[in-house]
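# Structural features, examined
Okay, here's what each chain looks like letter by letter:
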Amino acid sequence: MNTKYKGIKASNGIAIGTIYLFNREEVAIDKSEITDSMVEEEKLRVKNSIDDYINELNDRKGASEAQIHIADAHKELLQDPYFSDTINSKIENEHKNSELALNETINEMVEIMSQLDDEYLKERASDYKDIGYQLMYKLKGIKPKDLSLIDEESIIISKELTPSDTSNMNKENVVGFATDLGGKTSHTSIIAQTLDIPALVGMNDISKKVKNGQKAIIDGNESFIILDPSEELLKEYEKKLEEQEKKRNRLSQVKDKKAETTDGKHIEVSANIGNIEDLKIAIENGCDGVGLFRTELLYMENDHFPTEDEQFEVYKEATELLGQKPLIIRTLDIGGDKGLDYFDFPKEDNPFLGYRAIRLCLDREDIFITQLKALIRASAYGNILIMIPMVINISEFKRSLELIDDIKKEFEEKGIDYNKDLQVGIMVETPASVFMADQFIKYVDFFSIGTNDLSQYTLAVDRGNENINNLYNNFNPAVLRAIKHVIDESHKAGKWTGMCGQFASDTEATKLLLGLGLDEFSASSSKVAEVKDTILKSSLKEEEEFSNSLLELETVEEIEEKIKNHNNM
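Conventions we followed
Residues numbered from 1 in each chain as written. Predicted model: local features only at pLDDT ≥ 70, side-chain atom pairs only at ≥ 80, totals over all residues. Heavy atoms only, no water. Salt bridge = Lys/Arg side-chain N within 4 Å of Asp/Glu carboxyl O. Helix = DSSP H or I, 4+ residues; strand = E, 2+ residues; numbered from the N terminus. Buried < 20%, exposed > 50% of the residue type's maximum accessible area, 1.4 Å probe, protein only. Domains from an automatic or database assignment. Contact = heavy atoms within 4.5 Å. Buried area = accessible area lost by both parts, 1.4 Å probe. Polar contact = N/O pair within 3.5 Å; in protein donor to acceptor, adjacent residues only side chain to side chain. Nonpolar A, V, L, I, M, F, W, Y, C, P; charged D, E, K, R; others polar. Axes fitted to C-alpha atoms, helices over the stretch in contact; angles between N-to-C directions. Left-handed = near helix turned anticlockwise from the far one by under 90°. Parallel < 35°, antiparallel > 145°, perpendicular 65-115°, else oblique. UniProt positions renumbered as here; feature names shortened; annotations may be inferred. Pairing = 2+ DSSP bridges. Right-handed = clockwise from strand over helix to strand, strands pointing away. Core = buried A, V, L, I, M, F, W, Y, C linked by side-chain atoms within 4.5 Å. Patch = residues over 30% accessible without salt bridge, like charges linked within 9 Å, V, L, I, M, F, W, Y side chains within 5 Å. Areas by Shrake-Rupley, 256 points an atom, 1.4 Å probe, with all protein chains shown as cover. Lys, Arg positive; Asp, Glu negative; His and termini not counted. Charge placed at Lys NZ, Arg CZ, Asp CG, Glu CD. Phe/Tyr/Trp six-rings, centres within 6.5 Å; stacked < 30°, edge-to-face > 60°.

It is worth spelling out the pattern of salt bridges at this point. A pair can form between side chains of opposite charge whenever their charged atoms are brought close. Counted by the stated rule, this structure contains 36 salt bridges. Between E245 and R248 there is a salt bridge, and its shortest N-O distance comes to 3.7 Å. Of this pair, E245 and R248 both sit in helix α9 (residues 231-254), separated by three residues, roughly a single helical turn. A relative accessible area of 39% means that E245 is categorised as partly exposed. What makes R248 partly exposed here is its relative accessible area of 24%.

Quick look at the structure:
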């Protein structure tokens, strides 16, 4: 009774229900080789399965917003020529049958994405797995299980849930889920957040520890599941459910409000996105704009460097969806853990400190100029701001400005329209850019702090190293002082500072960052309303006094304890 297991929080909230153990149909892959005469037939089988799946995705009658977002994301991957070309190449050149060629291609794509350090991009592997399942079922003539048919209040437990599984859930009867695998930035997790379903992922072997029909509680706030809860514990959590419902109602009312402190300071609360589907979710969740558009997905999901026109269409669509709300687009941040199938990066002992981001772009200005042209053209349709990543010295930024000015002159001569007031800033994510903030601010229009890398480089801690990742902490006094320094230097010059790292999504840190003077929070879209809610209930003057007092403390433990007490007041 009251057996508790810890997991990774994918979506906040409390759920009480009966366990439904979901096992996916096992599919045996045919590994036999084919003859020359069978090649065209096998290629046609693949084409038909892709066409059938795309037709299903296009049939959106009665679809939820979550289902539409997944459909759009899957269509984008399915229509990528590289995907079908890779499968066909295996059939033609290696004489592999359609099932084996599909399975190998999916595994290769999953492996590439899984090796990335960027959590957002890493979790795109689940989308490829999902597509693999759907196409394999079609090749095999198998009808997959349908989670929309569950007819009682259930907590789904599974080894893994794909985005399709999650988007098809009946929210009325599926009250929560927990999986062995998965990460908090996967599409599955994002859908759980969109549907407001409490969820835990990365629980290792929870699917082996439960039985169908077992009573359970998911506490998504504290990241654990309780099996066979006592009557006393059930009553306690029923009260928490009532409080949760009150909070949901409040957040639904504040999500579209302007975030203004009780003493009149307006703060922008924007969202981080990677594609158009993410943007649609962010808009639904009440974002004031986009503080980080990661453009590397445009490159990674292609079989060539995207052309100026290809990029322009994406940026233009994003601006049109946002209207005049700000859209901060980060220029190509490729390299490090993020490679490209069509470009050979040099082998490096430490790629995260090597040939990546602005270093690659200034070395290959042809690639950089193509993107800049697309961005500047698209600026005519909305409020685009350009953000340069991984900058460590003034000369890198000055050269970027020279290229931008050259493009503007070219556009003037050709009569191509663009925003004459286009702002250009940098992502502050290295100690060098922190120390040089007083000099950078002479040339930039804004700063945006990328705490993921800034904390890692400031603390000399690899956040992916399990032996030392306990040392990686955004509340470290050195990181807080760095943040404060950057904000202060921008304000001295009459400019502004935002934050697009994960720290901006941490609602435990909202009051702290508000008090440090942060002008814009760019959070995950699921956190926008909660960040706004905290700001609306806060006094800037009080939070400034509190945050300044924290800068005098010496340890993470002292800071976290004081923040916990302050937030609970």
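Past the structure itself, the notes keep going.
The domain boundaries assigned to the chain delineate domain 1 (3-24 + 146-240), domain 2 (36-140) and domain 3 (266-568). Listed as interface residues are five residues of domain 1 and, on the opposing side, five residues of domain 3. Roughly 450 Å² is buried in total at the junction of domain 1 and domain 3, and carbon and sulfur atoms are behind 44% of that figure. Along the contact surface separating domain 1 from domain 3 lie zero salt bridges. Counting the contacts that link domain 1 with domain 3 gives zero residue pairs in polar contact (both at pLDDT 80 or more). Classifying every residue of the side of domain 1 that touches domain 3 by side-chain character gives one nonpolar, four polar and no charged.

A few words now on the environment of F22. Take F22: it is sitting in strand β3 (residues 14-22). Considering only alpha carbons, one finds F22 and I157, 135 residues apart in sequence, at a separation of 6.0 Å. Residues within four places of F22 in sequence aside, it is in contact with K145, L147, I156, I157, S158, K159, L161 and D165.

What follows covers the packing of helix α1 (residues 39-58) against helix α6 (residues 125-140). One can describe the packing of α1 onto α6 by two numbers: an axis separation of 9 Å at closest approach and a directional angle of 115 degrees. In terms of crossing hand, the pair formed by α1 and α6 is right-handed. For the pair α1 and α6, the contacting residues are R45, V46, S49, I50, D52, Y53 and E56 in the first and I131, Q134, L135, K138 and L139 in the second.

Moving on: the packing of helix α4 (residues 98-114) against α6. Here α4 crosses α6 at 170 degrees, and the two axes come no closer than 8 Å. Classed by the angle they form, the pair α4 and α6 counts as roughly antiparallel. Contacts between α4 and α6 involve S98, E99, L102, N103, I106, M109, V110, M113 and S114 from the former and A125, Y128, K129, I131, G132, L135, M136, L139 and K140 from the latter. Residues that form the contact of α4 with α6 fall into these classes: 11 nonpolar, four polar and three charged.

Let us look at the UniProt feature "binding site: phosphoenolpyruvate" (unreviewed entry) in the chain. Under the feature "binding site: phosphoenolpyruvate" (unreviewed entry), the UniProt entry names R294, R330, N452, D453 and R463. Note on placement: R294 falls in strand β11 (residues 290-294).

The subject of this paragraph is the pairing of strand β13 (residues 383-388). Consecutive residues of a regular strand have side chains that alternate between opposite faces of the sheet. Of all six residues in β13, five are buried; the element is thus mostly enclosed. Bridge count between strand β12 (residues 326-330) and β13: five bridges; the pairing is parallel. By the bridge assignment for β13, R330 is matched with M387. Looking at chain direction, β13 and strand β14 (residues 423-428) are connected through four bridges and run parallel. What sits directly across from M387, in β14, is G425. One crossover worth recording links β13 to the parallel β14 by way of helix α15 (residues 394-414), and it is right-handed.

Turning our eyes to something else, we now look at the nonpolar core. Ranked by size, the top nonpolar core spans 120 residues in total, and within it Y315 and I386 carry the most contacts. Ranked by residues supplied to this core, first place goes to helix α14 (residues 365-378) with seven residues. Built from parts of two domains, this core gets at least three residues from each of domain 2 (36-140) and domain 3 (266-568). Every residue in contact with I386, bar those within four places of it in the chain, is listed here: I329, T331, L372, L375, I376, I404, L422, Q423, V424, G425 and F446. Ranked by size, the runner-up nonpolar core spans 16 residues in total, among them L161, M169, A199 and V201.

Right, let's get into a negative patch on the surface. Residues E231, E238, E242 and E243 make up a contiguous surface patch of negative charge. Locating E243 in the fold gives a position in helix α9.

Attention now goes to the pairing of β14. β14 sits mainly inside the fold: five of its six residues count as buried. Across three bridges, β14 lies against strand β15 (residues 446-449) in parallel orientation. From the neighbouring strand, V428 faces β15, where its bridge partner is I449.

Our focus in this paragraph is the packing of aromatic side chains. One pass over the full model with this rule turns up 10 aromatic pairs. Where Y299 meets F305, the ring centres are 6.3 Å apart and the plane angle is 75 degrees; that geometry is what we call edge-to-face. A relative accessible area of 1% means that Y299 is categorised as buried. Each ring, one from F475 and one from F503, has its centre 5.0 Å from the other, and the planes form 80 degrees; the classification is edge-to-face. Remark: F503 occurs in the loop between β16 (496-499) and α20 (510-516) and F475 occurs in the loop between α18 (451-459) and α19 (477-492); sequence separation between them is 28 residues. Ring pairs connect the aromatic residues Y299, F305, Y342, F343 and F345, which therefore count as one cluster.

What follows deals with the side chain of Q371. Tracing the backbone through its elements, the reader meets Q371 in helix α14. Take Q371: its relative accessible area is 0%, and that puts it in the buried class. Sequence-distant contacts of Q371, defined by excluding residues within four places in its chain, comprise T295, Y299, Q311, Y315, R330, T331 and L332.

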